[in-house]
Structures are given as C-alpha cells and as structure tokens.
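Report on the structure
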Amino acid sequence: MKLVARLSLILILCFPLTSLAQIPEQIKNDFAPVSGTIIMPIGEEYLVDLDASSNLQVGDILTLIQSGEKVIHPVTKETLGTLELAKGFLQVTQIKSGYSYVKLLSAEMTPQKGDQLKRFTQTPTRFEFSQPADRIAAELKMALPQLNWLSDHDTTEPELIFHLADDKLQVTNSADVVLRQYPYRDGKLTSSLAVAPPKNNLTLQNEEKSLLNKTVGSLTSAIGIKTKDKRLENPGIVQSQNSTDGSWVGADIDGNPVGITVADFDGDGLLEIAVATEKQLRILRKTDSNLTQVATVNFSVGVRLLSLDSLDLDSDGIPELYLTAHSDTKLSSQVVKYINGDYQTTINQVPWFFRVVNLAGMGKLLLGQTLGDLDTPFSEQPFRVEYSEGKLVKGDNINLPNTYDPFSLTTISGINDELFYAEITSQDTLHITSLGGETAWKSDDHYGGTETFFYNVEETESVQSTPINIQKRLISLTTGELLVVKNEGFRLFERYHDYDQSRVIAFTWDNTSLNEKWRTPDVKGYIADFSVADADNDGQDELVTVINYKKDFFIQNGRSSVVIYELNQ
C-alpha cells in the first residue's frame with residue numbers, strides 16, 4: 001500500500017492538476033461501477049438484474065464480488081465496511097428489458113443466485129500505446145481507479161485493453177473485440193465514436209417483453225430486486241442508418257412530463273431548460289455534465305398542466321412561460337415570469353389553449369383558442385394572444401383554411417420556397433396542405449402520439465366523455481427540415497394510449513412528398529415534448545427532449561429525464 005501511495009503521489013507531482021482533468025465525463029460514465037445481482041443460471045449463461053437503464057452495454061465486464069474481511073476502526077472498534085474480493089469475471093452478451101444475459105470469463109467459478117456483481121471493478125486492465133502517452137496513461141488511471149491497472153511486468157492476462165493509436169483510444173476485450181473508442185486529437189481525448197454492437201456471440205435485443213421477461217420480472221421481485229426500465233440506447237443521431245456520437249441524458253425527474261422549452265428566463269444571458277410535469281414547473285440549467293434545478297413553481301390545487309411554451313410577449317427582453325392547463329373540465333391556463341429574483345405565476349385561470357407557432361407571413365406568435373364543444377374541441381376561431389397593461393388580450397383572428405389543432409401546426413417550405421402547412425391530426429397521421437387548405441400529402445404511418453389529455457364534460461351514466469388529446473408539436477428549422485416525434489405503442493382505444501418506443505425524425509419537403517433526412521435512435525420510452533435551442537450554452541443549437549420511462553400514478557412514482565442530442569454530429 002505504501003508503494004501504491006508513493007507512486008500516486010509521484011504521478012500527481014509530475015503532471016499539472018489541470019492536465020488531470022482532461023478525461024471526458026463520458027469515459028468515466030462508460031466505465032463507472034454499476035451494482036447488480038445474479039438472478040438465475042440459464043443454459044451456459046446467467047441472467048443478471050441489469051439492463052440499458054443502468055447504461056449497460058453488450059460486452060461490458062462484470063465482476064463477481066465476494067465479501068472479505070471486515071474493516072474495523074482500531075480505536076472506536078466501529079465497523080467501517082467490508083473488503084470486496086474479485087471472485088471472477090463475466091461478460092454481457094445480450095440486453096433485454098429488465099435483465100441481461102452474461103457468460104463466464106472465469107471458468108473456475110460457479111455463480112449462485114443472489115451473488116453480487118459490479119461492472120468494471122477490479123477488472124485486469126492493460127494500457128498499450130503506439131506513441132508517447134505517459135500523461136494519458138496517468139490520467140486514465142486517476143480517472144478510473146476501480147480498474148486493476150496491470151504494470152508492464154505483470155503476467156496476469158488482461159480482460160480490458162486500452163490501446164492509444166494516432167487518432168483514437170480503443171478499448172477491447174481479451175478476444176480483441178472493440179467495446180468502445182474515443183477520438184484522440186492534439187493530446188486530448190474527447191467523447192466516444194460510434195461502435196457497432198460487438199459480434200462474436202454478443203448481441204443486443206430490444207424486443208417486447210416475452211414470457212421469459214415477465215418471469216424474470218417476477219423472480220427479481222421475489223428476491224427483492226427492483227426491475228429497471230428501458231432507457232436511452234445507442235446515443236446519437238442516425239443518418240442513413242448510421243449512428244453517430246452526441247447525446248446526453250440527465251438525471252431522473254419524477255412525475256409525468258407534458259412540455260419542455262428552452263430560453264433565458266431570468267435575463268442573465270444563459271439559457272435555462274423549463275420542464276412541466278402535470279403538477280409542477282421546474283427550471284433547470286445544464287452546466288458541464290450536470291443538470292441543476294434552479295427553481296420550481298407549484299400551482300393551485302386541482303390545476304393540471306397540459307403543455308408548455310415560452311415567448312417574450314411583453315417585450316421586456318425576458319420570455320414568459322405559457323402553460324396550457326385545466327381544472328376539472330375547464331381550461332385554466334397559467335403564465336409564469338421571473339420577477340425580482342423569483343419565478344411567479346403572474347396570470348392564471350385563462351380559459352384558452354396556448355401554443356407558440358410559426359405561421360406563414362406571421363412568424364413566431366402565441367396562438368390562443370377557446371375550448372370548442374364536446375365533439376370538436378379545437379373548432380373555435382384561433383387568435384393571436386397579445387399582452388396589454390399586465391393582461392392577456394385577444395388580438396387579431398388567425399384565419400386558417402381548415403380546422404387545425406393548434407398544438408401540432410407549423411409552416412414548412414418546399415421547392416422555390418413555396419409554403420405549406422404541416423399538421424398531425426387527431427388520428428396521429430401527418431398531413432401537408434397548401435395555404436389554401438388543399439391536401440398535398442398525408443402519411444400512412446402514425447406520427448405524434450400523446451398521453452396528455454383531459455375531459456371537457458363530467459361523465460354520467462348517460463354521457464361518456466371523449467378525451468381531448470394534446471397532440472405533439474411540429475418544429476420547422478431554418479434549414480428546411482421538419483422535426484416530427486414518432487411515439488409507438490398501444491393506441492387502439494380512444495381513452496387509453498401507452499407508448500413505449502419513440503424517436504424524432506427530420507423530413508424535408510419537395511412539394512410532393514416528405515423525405516426522411518435523419519432520425520434519432522429509438523428510445524425505450526415516450527417522448528413527451530421537444531425543442532431546438534442552445535440548451536448547454538455552447539453556441540450551438542441542440543435537440544432537447546423530455547422522455548418518460550415510467551408513468552406516475554397512485555401506486556408508483558414516475559420517472560423521466562431530459563435527453564439532449566447534438567445536431568452538428
């Protein structure tokens with residue numbers, strides 16, 4: 001131990017502290033220890049209670065942990081903990097929903113049900129290089145101390161090899177299968193390059209839950225292990241079916257999200273991220289790898305939020321937050337503004353739908369609409385919302401050729417800058433119409449898809465109400481791309497939707513058809529809303545989404561997160 005301490009001190013003294021902060025957070029996260037449990041043997045492999053929600057990837061190496069000697073304080077006699085001994089190693093071969101398959105790498109051990117595991121812990125690891133790399137080697141060892149870094153003279157066979165070449169750092173297993181790789185430029189490592197899922201009997205499968213999956217869920221519950229939700233997989237933007245790097249997943253948010261918007265809400269020159277759940281508004285700020293909660297806003301009892309937008313309607317340089325909301329069967333929308341160092345509800349009980357839209361010849365505006373009748377809730381004349389003397393007032397009527405749902409309406413341009421309207425209908429189909437209202441194109445597939453709704457009439461024995469669904473927004477970019485959410489799942493019943501797989505797709509319009517340009521990878525969850533803005537204040541716009549993985553209702557807490565994609569990757 002004295003020798004290890006001296007070597008660590010020498011490394012610290014030899015390299016400036018600033019240089020020891022060069023390892024990207026993604027590398028630390030990719031190799032961060034994750035605890036799990038053996039569920040049961042199955043054939044020549046074993047099931048473990050880890051899945052993609054733990055950032056697990058095919059090829060990851062798990063250490064079978066055996067409890068060793070207790071660590072007891074010599075003076076107080078207090079038990080400080082227990083030493084963890086590495087009994088052997090296993091490798092992830094398949095990832096399912098709620099569990100994964102692993103195979104033995106250490107033939108001399110036989111795992112038992114309930115045995116504890118830790119990912120990338122005490123894993124024999126060797127650093128190889130084809131160029132001078134003492135500083136990078138020292139930084140990696142400092143950033144990933146949980147690995148068992150082998151010296152040049154150690155004859156132990158490594159399970160992980162970090163190999164630094166001219167332009168990248170590759171991490172392989174003992175079979176020389178590439179698990180991860182990171183660009184290396186100008187003496188620095190950056191976020192990872194895309195790596196195809198490892199072959200060699202290592203596969204990643206994300207099918208719907210099978211009977212085995214459900215059985216495993218029962219087993220994990222029976223032995224006291226909480227099953228996990230499916231989370232973001234294969235990060236990045238998919239272009240021509242090829243995944244590239246550039247995504248970030250925030251910490252869990254409880255509740256069911258209904259909206260997200262990004263702007264400088266407090267006038268400090270930095271953009272914040274606002275997320276609305278059904279009962280609460282949260283103001284967040286992304287700094288480096290963290291998403292910090294700046295403020296929360298609660299609302300009157302009985303108010304339920306339906307959507308979120310932002311716009312500087314009062315022209316003071318600071319955008320207000322506009323929340324469509326209801327109380328029982330009536331609209332009761334809210335306005336929140338940053339005033340005197342605090343976020344305050346400045347206007348409430350507004351009987352209008354709110355949506356910021358971009359319309360032909362009008363630019364960006366706050367569209368308002370009163371609630372229609374039982375069967376046609378969006379049939380009333382939409383209007384421009386204006387701000388006057390501290391109040392919201394109805395401005396000019398917006399004359400649209402058809403009855404459009406304001407929540408999913410935008411203008412797109414085609415060849416020769418000809419303008420069209422794009423809309424997702426109540427049947428979850430995507431329609432393109434001319435400015436005169438003539439249908440130019442409609443989809444066969446479903447797009448949009450929402451789990452946010454309310455009722456505008458009390459149910460009785462003789463009256464069965466129909467849900468008023470708050471459809472997904474459409475965003476048209478200055479590049480000519482139309483961004484569309486596609487949530488997939490159960491949508492057969494009008495009164496019940498349940499989506500468990502989603503993506504954002506970018507289309508271009510050529511006056512006759514929509515053509516897919518790129519898409520985000522499939523996410524095992526429901527995209528509640530999205531925006532395009534410089535969410536991390538780096539000078540580049542990102543695609544900012546809020547994704548729900550587990551719904552919040554009376555017998556369980558919900559779980560969601562903000563997921564950000566770089567658009568320039």
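Summary of the structure given here. (Residues numbered from 1 in each chain as written. Predicted model: local features only at pLDDT ≥ 70, side-chain atom pairs only at ≥ 80, totals over all residues. Heavy atoms only, no water.)

What to know about the pairing of strand β24 (residues 342-350)
Direction of pairing for strand β23 (residues 333-339) relative to β24: antiparallel, over a ladder of 6 bridges. In the strand pairing of β24, Tyr338 is matched with Tyr343. Where β23 folds back onto β24 in an antiparallel hairpin, the turn is made up of 2 residues, including Asn340, whose phi is positive at roughly 50°. (Pairing = 2+ DSSP bridges. Helix = DSSP H or I, 4+ residues; strand = E, 2+ residues; numbered from the N terminus.)

Observations regarding the sheet that holds strand β12 (residues 188-189)
Each strand in a sheet pairs with another by means of backbone hydrogen bonds, the pair being arranged parallel or else antiparallel. Taken in spatial order, the 6 strands line up as β8-β7-β9-β10-β11-β12 in an open sheet, and their pairing is mixed. Bordering the open sheet on either side are β8 (148-149) and β12, each of which pairs with just one other strand. Strand direction decides the pairing type here: strand β10 (residues 168-173) and strand β11 (residues 178-185), joined by 5 bridges, are antiparallel. Bridge pairing in β11 places Val171 opposite Arg180.

Concerning the sheet that holds strand β1 (residues 35-42)
Taken in spatial order, the 6 strands of this closed barrel run β1-β2-β5-β4-β3-β6, and their pairing is antiparallel. Averaged over all pairs of adjacent strands, the angle between strand axes in this sheet comes to 50°, irrespective of strand direction. (Axes fitted to C-alpha atoms, helices over the stretch in contact; angles between N-to-C directions.)

Brief notes about empty space enclosed by the protein
To locate leftover empty space, one rolls a probe as large as a water molecule over the atoms. Inspection of the entire model under this criterion finds 2 cavities of 30 Å³ or more. There is about 70 Å³ of room inside the largest cavity. Around the largest cavity, the lining is made up of 13 residues, and of these Val258, Arg355, Gln471, Ala528 and Asp529 lie nearest the centre. The element that contributes the greatest number of residues to the lining of the largest cavity is strand β20 (residues 303-311), accounting for 3 residues. In terms of residue class, the lining of the largest cavity is built from 5 nonpolar, 4 polar and 4 charged. (1 Å grid on protein atoms, 1.4 Å probe; cavity = no way out; pocket = protein on both sides within 12 Å on 5 of 7 lines; lining within 4 Å. Points joined across faces, edges and corners; volume = space filled by probe spheres on them. Nonpolar A, V, L, I, M, F, W, Y, C, P; charged D, E, K, R; others polar.)

Considering the packing of aromatic side chains
Each pair of aromatic rings is reported with the distance of its centres and the angle of its planes. Summed over the entire model, instances satisfying the criterion amount to 16 aromatic pairs. Their ring planes at 50° and their centres at 4.8 Å tell us that Phe31 and Phe120 sit as a pair that is tilted. Of this pair, Phe31 sits in the loop between α2 (25-30) and β1 while Phe120 sits in the loop between β6 (116-119) and β7 (124-129), and the two are 89 residues apart along the sequence. The exposure class of Phe120 is buried, given its relative accessible area of 0%. Geometrically, the ring pair formed by Tyr322 and Phe354 is edge-to-face, given 5.6 Å between the ring centres and 80° between the ring planes. (Phe/Tyr/Trp six-rings, centres within 6.5 Å; stacked < 30°, edge-to-face > 60°. Buried < 20%, exposed > 50% of the residue type's maximum accessible area, 1.4 Å probe, protein only.)

Concerning the side chain of His326
Inspection of the secondary structure assignment puts His326 in strand β21 (residues 320-327). Judged by its relative accessible area of 12%, His326 is buried. Here Asp328 takes part through its backbone oxygen, which lies 2.8 Å from a polar atom of the side chain of His326. Leaving out residues up to four positions away in the same chain, His326 has contacts with Gly302, Val303, Arg304, Leu306, Leu331, Ser332 and Phe454. (Polar contact = N/O pair within 3.5 Å; in protein donor to acceptor, adjacent residues only side chain to side chain. Contact = heavy atoms within 4.5 Å.)

Focus on the pairing of strand β41 (residues 559-566)
Most of β41 is tucked away: 8 of the 8 residues are buried. By the alternation rule, side chains of β41 split into Arg559, Ser561, Val563 and Tyr565 and Ser560, Val562, Ile564 and Glu566, which are all buried. Two elements, strand β40 (residues 542-550) and β41, share 8 bridges in a ladder whose sense is antiparallel. Pairing of Leu543 across the sheet is with Tyr565, part of β41.

A short note on the environment of Gln501
Along the chain, Gln501 falls in strand β37 (residues 496-509). Judged by relative accessible area, which is 18%, Gln501 ranks as buried. Distance from Gln501 to Lys524, taken between C-alpha atoms, is 4.6 Å for residues 23 residues apart in sequence. Beyond its immediate stretch of four places on either side in the chain, Gln501 contacts Lys486, Asn487, Glu488, Asp522, Val523, Lys524 and Gly525. Side chain to side chain, Gln501 and Asp522 meet in a polar contact 3.2 Å long.

As for the nonpolar core
Ranked by internal contacts, the top residues of the largest apolar core, which has 24 residues, are Phe31, Phe127, Leu140, Leu160 and Phe162. Of all the elements in the fold, those that place two or more residues in this core are α3 (134-143), β9 (160-164), β10 and β11. Counting 18 residues, the second largest nonpolar core, distinct from the first, contains Ile283, Leu321, Leu323 and Ala325. (Core = buried A, V, L, I, M, F, W, Y, C linked by side-chain atoms within 4.5 Å.)

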